[in-house]
Amino acid sequence: MTTKPSSSSSNGSTSRGNANPGIDDINLEALTLSEGIRDSPVCIIVLGMAGSGKTTFTRSLIQHAQAQFNPYVVNLDPACREVPYAAHIDIRDTVNYREVMKQYQLGPNGGIVTALNMFTTKMPKFAELVRRAGERGHKWCIIDTPGQIEVFTWSASGSIITEGLATMFPTIVVYVMDVVRSSCPTTFMSNMLYACSILYKTRLPFLIALNKIDLKDCSFVQEWMTDFEVFQDALEQEHSYVNNLTRTMSLTLDTFYENLISCGVSAKTGIGFATLIKHILDCVNEYERDYKPVYEKMRLQRLADQQAIAFPATVVDGAGTAVPMGLNLSDPTTNADNSVFLMAPSLVPVQMDADTEESEADAKNTTEEQNFQSFVQDHLTAQQNKRDKQQRAQQEQKS
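Residues numbered from 1 in each chain as written. Predicted model: local features only at pLDDT ≥ 70, side-chain atom pairs only at ≥ 80, totals over all residues. Heavy atoms only, no water.

A. The arrangement of the overall build of the protein chain in detail. Along the backbone of the protein chain there are 14 helices and seven strands. Of all 399 residues assigned to the protein chain, the portion counted as buried reaches 42%. Sequence separation of 24 or more characterises 77% of the internal contacts of the protein chain that already satisfy a separation of 6 or more. (Helix = DSSP H or I, 4+ residues; strand = E, 2+ residues; numbered from the N terminus. Buried < 20%, exposed > 50% of the residue type's maximum accessible area, 1.4 Å probe, protein only. Contact = heavy atoms within 4.5 Å.)

B. Spatial organisation of the packing of helix H3 (residues 97–104) against helix H4 (residues 108–120). Interhelical geometry of H3 versus H4 gives an angle of 110° and a closest axis separation of 9 Å. By the angle between their directions, the pair H3 and H4 is classed as roughly perpendicular. Viewed along their axes, H3 and H4 form a crossing whose handedness is right-handed. Residue-level contacts link Tyr-97, Val-100, Met-101 and Tyr-104 of H3 to Pro-108, Gly-111, Ile-112, Thr-114 and Met-118 of H4. (Axes fitted to C-alpha atoms, helices over the stretch in contact; angles between N-to-C directions. Parallel < 35°, antiparallel > 145°, perpendicular 65-115°, else oblique. Left-handed = near helix turned anticlockwise from the far one by under 90°.)

C. Summary view of the state of the cysteines. One pass over the structure, following the stated rule, counts zero disulfides. Here Cys-141 is not cross-linked by a disulfide; its sulfur's nearest cysteine counterpart is in Cys-43, at 4.5 Å. We classify Cys-141 as buried; its relative accessible area is 0%. (Disulfide = S-S within 2.5 Å.)

D. Representation of the nonpolar core. Ranked by internal contacts, the top residues of the largest apolar core, which has 67 residues, are Tyr-175 and Met-192. The leading source of residues in this core is helix H8 (residues 185–202), at seven residues. Grouped together as the second largest cluster of nonpolar side chains are 29 residues, Ile-44, Val-73, Ala-87 and Ala-267 included. (Core = buried A, V, L, I, M, F, W, Y, C linked by side-chain atoms within 4.5 Å.)

E. Seen up close, the packing of aromatic side chains. Tallied over the entire structure, the rule returns 10 aromatic pairs. Connected via pairs of aromatic rings, a cluster forms that spans Phe-188, Phe-220, Trp-224 and Phe-231. Taking the ring centre of Phe-220 as reference, the NZ or CZ of Lys-216 above it sits at 5.3 Å. (Phe/Tyr/Trp six-rings, centres within 6.5 Å; stacked < 30°, edge-to-face > 60°. Lys NZ or Arg CZ within 6 Å of the ring centre and 35° of its normal.)

F. Helix H11 (residues 243–252), seen in detail. Turning to H11, its buried residues are Asn-243, Thr-246 and Ser-250. In a view along the axis of H11, the buried residues occupy a sector of 60°, so they form one face of it. Among the exposed residues of H11, those oriented more than 90 degrees off its buried face are Asn-244, Leu-245 and Thr-252. (Arc of directions from axis to C-beta.)

G. Inspection of the sheet that holds strand E2 (residues 72–75) at higher detail. Across the sheet, which stays open at both edges, the seven strands sit in the order E3-E2-E4-E1-E5-E6-E7 with parallel pairing between neighbours. Looking at strand neighbours, the two that pair on one side only are strand E3 (89–90) and strand E7 (261–264), the edges of this open sheet. Pairing analysis gives two bridges linking E2 to E3, with the strands arranged parallel. By the bridge assignment for E3, Asn-75 is matched with Asp-90. (Pairing = 2+ DSSP bridges.)

H. Expanded view of the pairing of strand E1 (residues 42–48). Of all seven residues in E1, seven are buried, a share of seventy percent or more. Pairing analysis gives six bridges linking E1 to strand E5 (residues 171–178), with the strands arranged parallel. Bridge pairing links Val-46 to Val-174 in E5.

I. A look at the pairing of strand E4 (residues 140–144). With respect to burial, E4 is a largely interior element, five of its five residues being buried. Here E4 shows no split at all, with Trp-140, Ile-142 and Asp-144 on one side and Cys-141 and Ile-143 on the other all buried. Bridging between E1 and E4 involves five bridges; their strand directions are parallel. Counted as the bridge partner of Val-46 is Asp-144 from E4. Sheet topology places E2 next to E4; four bridges connect them, and they run parallel.

J. View of the side chain of Gln-232. Along the polypeptide, Gln-232 turns up in helix H10 (residues 228–236). On the basis of relative accessible area, Gln-232 is assigned to the buried category, the value being 10%. Setting aside its immediate chain neighbours within four residues, Gln-232 contacts Arg-247 and Ser-250.

K. Examining unusual backbone geometry more closely. At the junction of Ser-40 and Pro-41, the peptide bond is cis and its omega measures out at 0° in the coordinates. For Pro-41, the position within the fold is in the loop between helix H1 (7–16) and E1. Despite not being glycine, Gln-105 has its phi angle at roughly 55°, a positive value. The residue Gln-105 is located in the loop between H3 and H4 in this model. Judged by its relative accessible area of 72%, Gln-105 falls in the exposed class. In this model, Arg-203 sits at a positive phi of 55°, which is unusual for a non-glycine residue. Among the structural elements, Arg-203 can be located in the loop between H8 and strand E6 (206–211).

If you want it as structure tokens, here you go:
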């Protein structure tokens, strides 16, 4: 895993010299909570279930907003091979996803969570780059998130990124929903439950983009949201043990549907993006009217907490007995080959030569082969004993 400057910051440092340094040269005190919430850029966080078309949607949104809003693009998916748009900030330039999986012995989802955690350690620099983008004329900042929605939505790093941006800039959430897959009432209800939980967790203006209307019209989804009886009729046609739960959830979500903004779009053909942009502007006004005071209060509370830490209480009770805390801790040695963040000494991988790795692999394969042969032999023996027992039983019956 390597740390590199983002493409935007490196280009800026080339064109403007020392006036616009790279990401590693940014003064962390440049952007502080005391500055208040800025008017620009508007941060648009794109969320959605896997396969809903978030990346393609992000590309189309960038294209349709380019002339008017000059969007600043951020990719936060460390596991993707390629993205169909030019990203100003790409998490893959900061974190090597495969190296994280290898060194921490993680699976795909664990690797994405750890990569996001490592990126979050550079949140002050990330926020500073977004601020500078707004000063350079970028009115929007479009953020593409990982395909696994729960990895970003319910992780600590996702909350830090979302709340950190909302405390500094106008921020809204666009939830991309696959219309084709939502034609099943139970799948539709799963999408709505996800959307409802994200709305109440992020506490931000929320917009649902009903994607892939070039394949299936989205009018049935909007009708299900507004007419409970129509959804019940569609649910009766499905024969599943979760129908009762889905029926109960649909009654519960009536309040959620009342103020929900939805818009049908096609990320492939570009249909509906003009209406979508209007809804985004309405969500920005909603942030200024309803959500900004809340985040302004959170910002002031954080400032008060920082001051309390900076100036601790002068009167301290001296009574008590000191307890030894054990060995002194020291920073782990840096791993020059990989430069992995947060690498504990016990997790630093031991470098092995090719012969050692090959011998260990051969030993492992031999053990697995022996275990398999033993399992096969035990199975054959059990089958033979069963046949012998049946033959003896038949002979006793004949005699």
